[in-house]
Amino acid sequence: MADEAVAAATPLSSADQACEQLGARLQSIQVADCKRLQLIAGAGASREGRPMLYRDFPPSRRPHRPSRVLLIGGIHGDELSAVSIVFQWMRKLEQERLQPFYWRVIPSANPDGLFAEPASRVNRGGVDLNRNFPSADWDRRALAYWRAKTQADPRRYPGKAALSEPETRWLAEQIGEFKPDAIVSVHAPYGVLDYDGPPDPPQRFGYLRLHPLGTYPGSLGNYAGIDLGLPVITLELPHAGAMPTPAQSQRIWSDMIGWLQQNLPTGEPPLYRQPDDSLWLNR
């Protein structure tokens, strides 16, 4: 596996420059539209110094306690549709008039994998970011599982240590800082709905039906769903290179919103889970 110096924390390009690159890479993303979304280049960066982009969408109406949802696309860089549909949903969030949640959206969590030639599941360090989260069983099982169960498949290499990768560290920091009530992670191409954590799982979102794929050492579902006790919804789109139809995408979105409204907390959170930001300070 690659043993390169980890990129500096400061991204080497701006959010606008990243939009230009995304527009050149994905036909579904228009550069002007991406720039209009006013994505923020986070404090972290990929191994190659690409910015980790995100955007917050506060609720359009102010409930007593807005539930928080972290939406992540493209943890695997070769799952292009997982990035494209998150951009589609960001445009929807801009237009929703009765949107009750506070969203943090990370459209492309593995930019180096996305821009590799060809696009790569793993990051620039050769690590599967969805096996690099610090689940409680990582030290005991991650490398042994990789060797025994995947025959040391390089596409599923978990890294030398949990959180060895700057992208995974940044994602874990977002979970700690944003304190989501639920996490939605978009993947492809299994065409199913996966779920980890409490409460009872949804049975279907649109044409994606519940089919648990299991948990793996270092996976986001294992770390956030099992260890942290957060609902982790994994949407596995049917095709990595082709988007669902607009009607299919809308049905997935509508069913997901309905499930979140029924299952996320509505009362005041404990003090340790109250984010220290203006949405709380000014309410």
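What counts, and at which threshold
- Residues numbered from 1 in each chain as written.
- Predicted model: local features only at pLDDT ≥ 70, side-chain atom pairs only at ≥ 80, totals over all residues.
- Heavy atoms only, no water.
- Pairing = 2+ DSSP bridges.
- Helix = DSSP H or I, 4+ residues; strand = E, 2+ residues; numbered from the N terminus.
- Axes fitted to C-alpha atoms, helices over the stretch in contact; angles between N-to-C directions.
- Buried < 20%, exposed > 50% of the residue type's maximum accessible area, 1.4 Å probe, protein only.
- 1 Å grid on protein atoms, 1.4 Å probe; cavity = no way out; pocket = protein on both sides within 12 Å on 5 of 7 lines; lining within 4 Å.
- Points joined across faces, edges and corners; volume = space filled by probe spheres on them.
- Nonpolar A, V, L, I, M, F, W, Y, C, P; charged D, E, K, R; others polar.
- Salt bridge = Lys/Arg side-chain N within 4 Å of Asp/Glu carboxyl O.
- Left-handed = near helix turned anticlockwise from the far one by under 90°.
- Contact = heavy atoms within 4.5 Å.
- pLDDT = per-residue confidence, 0-100.

Enquirer: How would you summarise the sheet that holds strand E1 (residues 40-45) if you had to cite specific residues and measurements?
Expert: Pairing between the strands of a sheet comes from backbone hydrogen bonds, and it takes one of two forms, parallel or antiparallel. Spatial strand order, E1-E2-E4-E3-E5-E9-E6: seven strands in an open sheet with mixed pairing. For this open sheet the edge positions go to E1 and strand E6 (192-196), each flanked by a neighbour on one side alone. The sheet shows a mean angle of 20° between the axes of neighbouring strands, direction not considered. Relative to strand E5 (residues 182-187), strand E3 (residues 68-73) runs parallel, the two being bridged by five bridges. Counted as the bridge partner of Leu-70 is Ile-183 from E5.

Enquirer: Requested: an account of the pairing of E5, with residues and values cited.
Expert: Judged by how many residues are buried, E5 sits mostly within the fold: six of six residues are covered. Of the two faces of E5, the one lined by Ala-182, Val-184 and Val-186 and the one lined by Ile-183, Ser-185 and His-187 are each fully buried. Of the pairings in the sheet, the one linking E5 to strand E9 (residues 232-236) comprises five bridges and is parallel in character. The residue bridging Val-184 from the neighbouring strand is Ile-233, located in E9.

Enquirer: With reference to specific residues and values, describe the layout of surface pockets.
Expert: Its volume calculated, the largest pocket comes out at about 410 Å³. Contributing to the lining of the largest pocket are 28 residues, with Asn-130, Arg-131, Leu-213, Tyr-216 and Glu-236 lying nearest its centre. Mapped onto the lining of the largest pocket, the elements with two or more residues apiece are E5, E6, helix H7 (220-227) and E9. Tallied by class, the residues present in the lining of the largest pocket amount to eight nonpolar, 11 polar and nine charged.

Enquirer: Which residues make up empty space enclosed by the protein, and what are the values?
Expert: Going through the model one piece at a time under the given rule, you end up with three cavities of 30 Å³ or more. When its volume is computed, the largest cavity comes out at roughly 80 Å³. Forming the walls of the largest cavity are Ala-18, Gln-21, Leu-22, Arg-50, Pro-51, Leu-53, Ser-108, Pro-111 and Phe-115. Elements supplying a minimum of two residues to the lining of the largest cavity: helix H1 (15-25), strand E2 (51-57) and helix H4 (111-115). Sorting elements by how many residues they give to the lining of the largest cavity places H1 first, with three residues. Taken together, the residues of the lining of the largest cavity break down into six nonpolar, two polar and one charged. In this structure, the second largest cavity encloses a volume near 50 Å³. Lining the second largest cavity, in full, are Arg-131, Ala-142, Tyr-145, Trp-146, Thr-150, Arg-156, Pro-158 and Pro-217.

Enquirer: Any details on the pattern of salt bridges? Residues and values, ideally.
Expert: In this structure the tally under the stated criterion is 17 salt bridges. Here Arg-47 makes a salt bridge to Glu-165, at a shortest N to O gap of 2.6 Å. Here the residue Arg-47 occupies a position in the loop between E1 and E2, and Glu-165 occupies one in the loop between helix H5 (138-149) and helix H6 (166-178), the gap between them amounting to 118 residues. Arg-47 gets classed as buried once you look at its relative accessible area, which sits at 13%. According to the relative accessible area criterion, Glu-165 is buried, its value standing at 2%. Here Asp-255 and Arg-251 are joined by a salt bridge, their closest N and O atoms 3.1 Å apart. One end of the pair is Asp-255 and the other is Arg-251, both in helix H8 (residues 246-263) and four residues apart, which spans about a single turn. Sharing partners across several salt bridges, the network here consists of Asp-33, Arg-36, Arg-55, Arg-91 and Glu-94.

Enquirer: Lay out the packing of helix H3 (residues 80-95) against H8 with the relevant residues and their values.
Expert: Where H3 meets H8, the closest approach of the two axes is 11 Å, and the angle between their N-to-C directions is 65°. In this structure, the crossing between H3 and H8 has a hand that is right-handed. Judged by residue contacts, Ile-85, Gln-88, Trp-89, Lys-92 and Leu-93 of H3 engage Ser-249, Gln-250, Ile-252, Trp-253 and Met-256 from H8. Broken down by class, the residue content of the contact of H3 with H8 amounts to six nonpolar, three polar and one charged.

Enquirer: Requested: an account of the confidence of the model for the protein, with residues and values cited.
Expert: Per-residue confidence for the protein averages 91 on the pLDDT scale, and 89% of its residues sit at or above 70. Within the model, pLDDT remains below 50 along residues 1-5, and this stretch shows 11 contacts once partners closer than five positions in the same chain are excluded. Of the regions scoring below 50 in pLDDT, residues 279-283 engages in 17 contacts with residues more than four places distant in sequence or in other chains.

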